[in-house]
Amino acid sequence: MRASLPLALLLFLLTAACAANGEATQRLVFDSQRDGDADIYTIAADGTGVRQLTDVPGRDYEPDAGPDGKTVVFASQRATGESAQLYLMDIDGSNVRRLTFSAGGSGTVLDDYPEWSPDGTRIVFQRTVIPEDKKHVYADIWLIDPKTGQETALTNTTNIWDSTPSFSADGKALLYESNRAGSFDIYRQPIDGGEAVRIAGSDGTDSDAKESPDGRRIAFVSDRDGDFEVYVVDPDGSNLRQLTSSEGKEDCPQWSPDGTRLSFSSDRDGDQELYVMNADGSDQRRLTNSPGGDEVADWITGD
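Residues numbered from 1 in each chain as written. Predicted model: local features only at pLDDT ≥ 70, side-chain atom pairs only at ≥ 80, totals over all residues. Heavy atoms only, no water.

Assigned secondary structure in the chain consists of one helix and 24 strands. In terms of overall size, the chain behaves like a compact globule, its C-alpha atoms giving a radius of gyration of 20 Å where 303 residues would be expected to give roughly 19 Å. Its C-alpha atoms give the chain principal-axis dimensions of about 80 × 45 × 40 Å. Within the chain, the proportion of its 303 residues that are buried is 50%. In the chain, once contacts between residues fewer than 6 apart in sequence are set aside, the share between residues at least 24 apart is 34%. When the accessible area of the chain is evaluated, it comes to approximately 13,900 Å², of which 49% is carbon and sulfur surface. Mean positive and mean negative side-chain charge positions of the chain (28 and 54 charges, respectively) differ by 4 Å. (Helix = DSSP H or I, 4+ residues; strand = E, 2+ residues; numbered from the N terminus. Rg over C-alpha atoms; globule rule 2.2 N^0.38 Å. Buried < 20%, exposed > 50% of the residue type's maximum accessible area, 1.4 Å probe, protein only. Contact = heavy atoms within 4.5 Å. Areas by Shrake-Rupley, 256 points an atom, 1.4 Å probe, with all protein chains shown as cover. Lys, Arg positive; Asp, Glu negative; His and termini not counted. Charge placed at Lys NZ, Arg CZ, Asp CG, Glu CD.)

Have a look at this one:
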């Protein structure tokens, strides 16, 4: 008994140390205007260790880390004025290279809201086309091969807004919001053929859908009760639960790699900051506290 006590104590301390270290080593990538211009940063899940990855004129925003934890895709207006294009860079901010080349004609083209597929072979994004006369503005969902640059349009609609796409956990379908039925609702559409099916909808706006790593829940934001809050629902649209309830606007929920936590942005404290909570909505904690808006966080796998 006496000999086993020190061993048990050692094991406890090692376990506690690993748990504490996990918060500090698990990192997120996000965009921030803390220096006056939107740039890409990373931060530990305990709110420490902020690192700046980009620092050039022009807005860099909406980053998403690849499944290998080595590459980030992001939207940027650094070279195209009002238009936005997709770029890739290494996780340390080096080796920046342009991925899309849709800008350059008349009007404005915004390639943004990028997200990697679970296997890292494709990136889905939203392409918004704004003509010079600002009439018939529309948005569609596109896929691109990050190695070859080959693009494929998943939706091709007129006067309809299909936006904020993300992959299902198995990579076989996409989730996105659309106003094709009037209000902005969340749809699931198979990548390799098949009709879009509505899985969440209300009289308000439902958007920013993200499926959990195990494929059993979908997190999204909705203003169905007056202001934007984070909700989760089962993939078939049942079992709706509200996770946040604040006087601010919640946005951009994102699952941690193990599915136990969600990050999101909120202006509940007067400024747009990053927050983390457990998957059931408990233990909501602010990660950032900067004078500029911090938002659109994504968890880095394998960092």
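Once the structure has been displayed, the description carries forward.
Now for the nonpolar core. Counting residues in each nonpolar core, the largest one holds 13 residues, and the members touching the most others are Val73, Leu86, Leu88, Leu99, Trp116, Ile123 and Ile144. In terms of residues, this core owes the most to one element, strand β9 (residues 123-130), which gives three residues. Within the second largest apolar cluster, twelve residues are counted, among which are Ala219, Phe228, Val232 and Tyr275. (Core = buried A, V, L, I, M, F, W, Y, C linked by side-chain atoms within 4.5 Å.)

A few words now on the pattern of salt bridges. With the rule as written, the count across this model stands at 15 salt bridges. Here arginine 285 ties to aspartate 283 by a salt bridge, and the two come within 3.3 Å at their closest N and O atoms. The partly exposed category is assigned to arginine 285, whose relative accessible area is 28%. (Salt bridge = Lys/Arg side-chain N within 4 Å of Asp/Glu carboxyl O.)

Attention now goes to the pairing of strand β16 (residues 206-211). β16 sits mainly inside the fold: six of its six residues count as buried. Sheet topology note: the β16/strand β17 (residues 218-222) ladder contains four bridges and is antiparallel. For aspartate 206, the partnering residue across the bridge sits in β17 and is serine 222. Joining the antiparallel neighbours β16 and β17 is a turn of six residues, in which glycine 215 adopts a positive phi near 75°. (Pairing = 2+ DSSP bridges.)

On to the sheet that holds strand β1 (residues 27-32). Read from one edge of the open sheet, four strands run β3-β2-β1-β24, paired in antiparallel fashion. Both edges of this open sheet fall to β3 (51-52) and β24 (294-299), since each of them pairs with a single strand only. Where β1 and strand β2 (residues 39-44) come together, six bridges link them in antiparallel fashion. Looking across to β2, one finds that leucine 28 is bridged to isoleucine 43.

This paragraph deals with the layout of surface pockets. Taken as a whole, the largest pocket encloses approximately 470 Å³ of empty space. Lining the largest pocket are 23 residues, and of these Trp116, Pro118, Gln254, Asp298 and Thr301 sit closest to its centre. Every element with two or more residues in the lining of the largest pocket is listed here: β4 (60-65), β8 (108-116), β12 (162-167), β16, β20 (250-255) and β24. Its residues placed into classes, the lining of the largest pocket shows ten nonpolar, eight polar and five charged. Estimates place the volume of the second largest pocket at around 320 Å³. Considering the residues around the second largest pocket, the lining is formed by 22 residues, among which Glu62, Tyr113, Thr164, Asp208 and Asp251 are closest to the centre. Among the secondary structure elements, those contributing two or more residues to the lining of the second largest pocket are β4, β8, β9, β12, β16, β20 and β24. Among the elements that line the lining of the second largest pocket, the one with the most residues is β8, at three residues. For the lining of the second largest pocket, the per-class residue count stands at eight nonpolar, five polar and nine charged. (1 Å grid on protein atoms, 1.4 Å probe; cavity = no way out; pocket = protein on both sides within 12 Å on 5 of 7 lines; lining within 4 Å. Points joined across faces, edges and corners; volume = space filled by probe spheres on them. Nonpolar A, V, L, I, M, F, W, Y, C, P; charged D, E, K, R; others polar.)

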